[in-house]
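# Structural description and commentary
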Amino acid sequence: EPMPTDPNTAGRQASQKETPMTATIVPTVNAHANIARKRAAEFQPGSEESRNVHAALEAGNALWHAVWRPLYVENPAALGGIEPVEGSRALVRSDTGAPLGIHGGSYTELQQTRCFAGVQDVIDSGDCRIIRCNTYQGGRKVAIECELNAATGEIKRGDAVRTKLVFSNSHDGTSNAAASVVLEVLACLNGMTRVERLAGMKFRHTRGIHAKHERSN
């Protein structure tokens, strides 16, 4: 007589049969965790970082280039076990190789040095100073904040504490390069402020971004 079949054993045997093969995206870069940084401390007035964009980017761990790398998927049937992904590529940090984003052919990168070049002209005019450089998610987003002017005298609830210029760039495709004028307004007497955006402009990371960005400077 045939032995009775154990339903648990049968289930395990069924699950051990051929399973669908899934393609795993494998950028040819080192694996790095993209951990979001907390907001950076403000630069001291008169410091090199407050007067020089290059120094501010260096202090904010943002003085690197975004470079392209080919993109592959695992495929046991392909030569070497991987094959290229046509029409897609990975954008990575030049210093660590950490991946910043995966993009199609129409995406155009905007380097930090180019994105924030116009900030130096504003600083040199004497109208404002750099107060911080923030790097988020391992470099996927970078922002420079400048203080245009600070409030003086007695400040009451609802008063503008200071006006800021905020310049930002991204490499992961989730946001545009942007420049904004914002107000920090005193929300309560314990010092908490809220931000009000007054004006700004945005630049999509498409093939025309370099020309549009240069015209705005």
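## Quick notes on the overall build of the chain
Along the backbone of the chain there are six helices and nine strands. Across the 217 residues of the chain, 36% fall into the buried class. Contacts in the chain between residues at least 24 apart in sequence constitute 56% of all its contacts with a sequence separation of at least 6. Approximately 13000 Å² of the chain is accessible, and the part contributed by carbon and sulfur atoms is 52%.

## Looking at the layout of surface pockets
Taken as a whole, the second largest pocket encloses approximately 150 Å³ of empty space. In this structure, the second largest pocket is lined by N134, Y136, K141, V142, A143, E145, V166, S168, N169, S170, S175 and N176. Taken together, the elements giving at least two residues each to the lining of the second largest pocket come down to β5 (129-136), β6 (141-150) and β7 (160-170). Residues that form the lining of the second largest pocket fall into these classes: four nonpolar, six polar and two charged.

## Some words on the pattern of salt bridges
All chains considered together, the criterion is met by 14 salt bridges. A salt bridge links R129 to E42; the nearest nitrogen and oxygen atoms lie 4.0 Å apart. Note that R129 is positioned in strand β5 and E42 in the loop between β1 (25-27) and α2 (48-51), a separation of 87 residues in sequence. Accessibility expressed as a relative area gives 18% for R129, which makes it buried. Here E42 falls in the partly exposed class, since its relative accessible area comes to 33%. Between D172 and K141 there is a salt bridge, with its nearest N and O atoms 3.0 Å apart. Of the two residues, D172 is situated in the loop between β7 and β8 (177-186) and K141 in strand β6; the sequence distance between them amounts to 31 residues. Judged by relative accessible area, which is 16%, D172 ranks as buried. Owing to a relative accessible area of 23%, K141 belongs among the partly exposed residues under this scheme. Through salt bridges with shared partners, one network takes in E42, R129, R132, E145, E147, R162, K164 and E184.

## Quick look at helix α5 (residues 117-124)
Of the positions making up α5, those classed as buried are G118, V119, Q120 and I123. A positive phi of about 85 degrees marks G126, the residue just after α5.

## A word on the nonpolar core
The biggest cluster of nonpolar side chains holds 28 residues, and the ones touching the most others in it are F116, V119, I130, I144 and C146. Within the residue set of this core, elements represented by two or more residues are α3 (53-59), β2 (66-74), α5, β5, β6, β7 and β8. In this structure I130 touches F43, E49, S50, N52, V53, A56, I123, I144, E145 and C146, once residues within four positions along its chain are discounted.

## Some words on the packing of aromatic side chains
One pass over the full model with this rule turns up one aromatic pair. Measuring from ring centre to ring centre gives 6.3 Å for W68 and Y107, while their planes differ by 85 degrees; the resulting arrangement is edge-to-face. Note that W68 is positioned in strand β2 and Y107 in the loop between β4 (99-104) and α4 (112-115), a separation of 39 residues in sequence. The two residues W68 and Y107 agree in class, both being buried. For the cation-ring pair, R89 lies above W68, with the distance from its terminal atom to the ring centre recorded as 3.7 Å.

## Here we look at the environment of G138
Locating G138 in the fold gives a position in the loop between β5 and β6. In the structure, G138 is positioned 40 residues away from A98 in sequence and 7.7 Å away in space, judged by C-alpha atoms.

## Some points on unusual backbone geometry
You will see that N61, though not glycine, has its phi angle at about 55 degrees, which is positive. For Q137, which is not glycine, the phi torsion reads 50 degrees and is therefore positive. Turning to its location among the elements, Q137 is positioned in the loop between β5 and β6.

## Concerning the environment of R129
C-alpha separation for the pair R129 and L148, spaced 19 residues apart in sequence, amounts to 6.9 Å. Excluding anything up to four places from it in sequence, R129 contacts E42, F43, Q44, P45, S50, I123, E145, C146 and E147. A polar atom in the side chain of R129 sits 3.2 Å from the backbone oxygen of F43.

Parameters at a glance
Residues numbered from 1 in each chain as written. Predicted model: local features only at pLDDT ≥ 70, side-chain atom pairs only at ≥ 80, totals over all residues. Heavy atoms only, no water. Helix = DSSP H or I, 4+ residues; strand = E, 2+ residues; numbered from the N terminus. Buried < 20%, exposed > 50% of the residue type's maximum accessible area, 1.4 Å probe, protein only. Contact = heavy atoms within 4.5 Å. Areas by Shrake-Rupley, 256 points an atom, 1.4 Å probe, with all protein chains shown as cover. 1 Å grid on protein atoms, 1.4 Å probe; cavity = no way out; pocket = protein on both sides within 12 Å on 5 of 7 lines; lining within 4 Å. Points joined across faces, edges and corners; volume = space filled by probe spheres on them. Nonpolar A, V, L, I, M, F, W, Y, C, P; charged D, E, K, R; others polar. Salt bridge = Lys/Arg side-chain N within 4 Å of Asp/Glu carboxyl O. Core = buried A, V, L, I, M, F, W, Y, C linked by side-chain atoms within 4.5 Å. Phe/Tyr/Trp six-rings, centres within 6.5 Å; stacked < 30°, edge-to-face > 60°. Lys NZ or Arg CZ within 6 Å of the ring centre and 35° of its normal. Polar contact = N/O pair within 3.5 Å; in protein donor to acceptor, adjacent residues only side chain to side chain.

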